[in-house]
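# Chain and residue survey
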Amino acid sequence: MTTAELLLHPIRLRIVQALLGERMLTTADLRAELPDVPPATLYRQVAALVEGEVLEIAEERKVRGTFERTYRLRTANANVSAEEAAGLGAEEHRQAFMTFVALLLADFDRYLSRDEIDMGRDGVGFRQAAMYLSDEEFLDFLRDLKEVLVPRLANQPAPGRTRRLLSTIVMPA
């Protein structure tokens, strides 16, 4: 199974998203975060991600005669390479994008379903901007963006920190 096939499955992508930010979760933790996913399906998809080396077992402990495993994301393996993406056809890209957008909608819906929301306080927003950039200026922009993001992506969970999702879509208009 290619990395694209592995990652662009809706449930597997949700599992990967749940583990973003250096999180380590057991399957029980994942079941709590993905309550709409049947347990057998969740276990099957976690196993596929482990087999595909997207997840790794961080810890294992014996609990009542069985082993409870704690998983973490192998971030370097949780991306579709440029070469693999270039080999996908238009329909495969369309399907991947629809999966991505559907997950964004589901994340937003889960946020709106909370008992108390305050979009200003929570920093929730979505907007679109147009930029006129040459290819060189666009590469400079991406380098600048990476420079801003990388140190923040390294932040660990701590009191006062809220896990936030940043999703990007860039395309020529």
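In what follows, the accompanying structure is described. Since the structure is predicted, the reported quantities are computational estimates derived from the model, not experimental observations. (Residues numbered from 1 in each chain as written. Predicted model: local features only at pLDDT ≥ 70, side-chain atom pairs only at ≥ 80, totals over all residues. Heavy atoms only, no water.)

### Remarks on the packing of aromatic side chains
What counts, and what does not: Pairing of aromatic rings covers Phe, Tyr and Trp, the last through its six-membered ring, and needs centres within 6.5 Å; plane angles under 30 degrees mean stacked, over 60 mean edge-to-face, and all others mean tilted. Numbering of helices and strands runs from the N terminus, with a helix taken as a DSSP run of H or I at least four residues long and a strand as a DSSP run of E at least two residues long.
For the coordinates displayed, the defined rule picks out 3 aromatic pairs. Residues F108 and F126 carry aromatic rings whose centres are separated by 5.7 Å and whose planes lie at 85° to one another, so their mutual orientation is edge-to-face. Of the two residues, F108 sits in helix 6 (residues 90–112) while F126 sits in the loop between helix 7 (119–122) and helix 8 (135–153), which places them 18 residues apart along the sequence. Through pairs of rings, three or more aromatic residues link up here, namely F108, Y111 and F126.

### Digging into the pattern of salt bridges
A side chain of one charge can pair with a side chain of the opposite charge when the charged atoms of the two come close. The line we're drawing: Every case where a carboxyl oxygen of Asp or Glu lies within 4 Å of a side-chain nitrogen of Lys or Arg is listed as a salt bridge. To sort residues, take the accessible area from a 1.4 Å probe on protein chains only and compare it with the maximum for the residue type: under 20% means buried, over 50% means exposed, and anything in between is partly exposed.
The final tally for this structure, using the stated rule, is 12 salt bridges. A salt bridge links E60 to R69, with the nearest nitrogen and oxygen atoms 2.5 Å apart. Under the relative-accessibility criterion, E60 is labelled partly exposed at 43%. Here R121 ties to E116 by a salt bridge, and the two come within 3.4 Å at their closest N and O atoms.

### Let's talk about a nonpolar patch on the surface
Condition: For patch detection, residues must exceed 30% relative accessible area and be free of salt bridges, and they are connected within 9 Å for like charges or within 5 Å for nonpolar side chains (Val, Leu, Ile, Met, Phe, Trp, Tyr). To measure how exposed things are, a 1.4 Å probe is used in the Shrake-Rupley method; for residues, cover is taken only from the protein chains shown.
Nonpolar side chains collect at one region of the surface, where L112, I117, M119 and F126 lie side by side and expose about 370 Å² of accessible area between them. With relative accessibility at 64%, the residue F126 sits in the exposed group.

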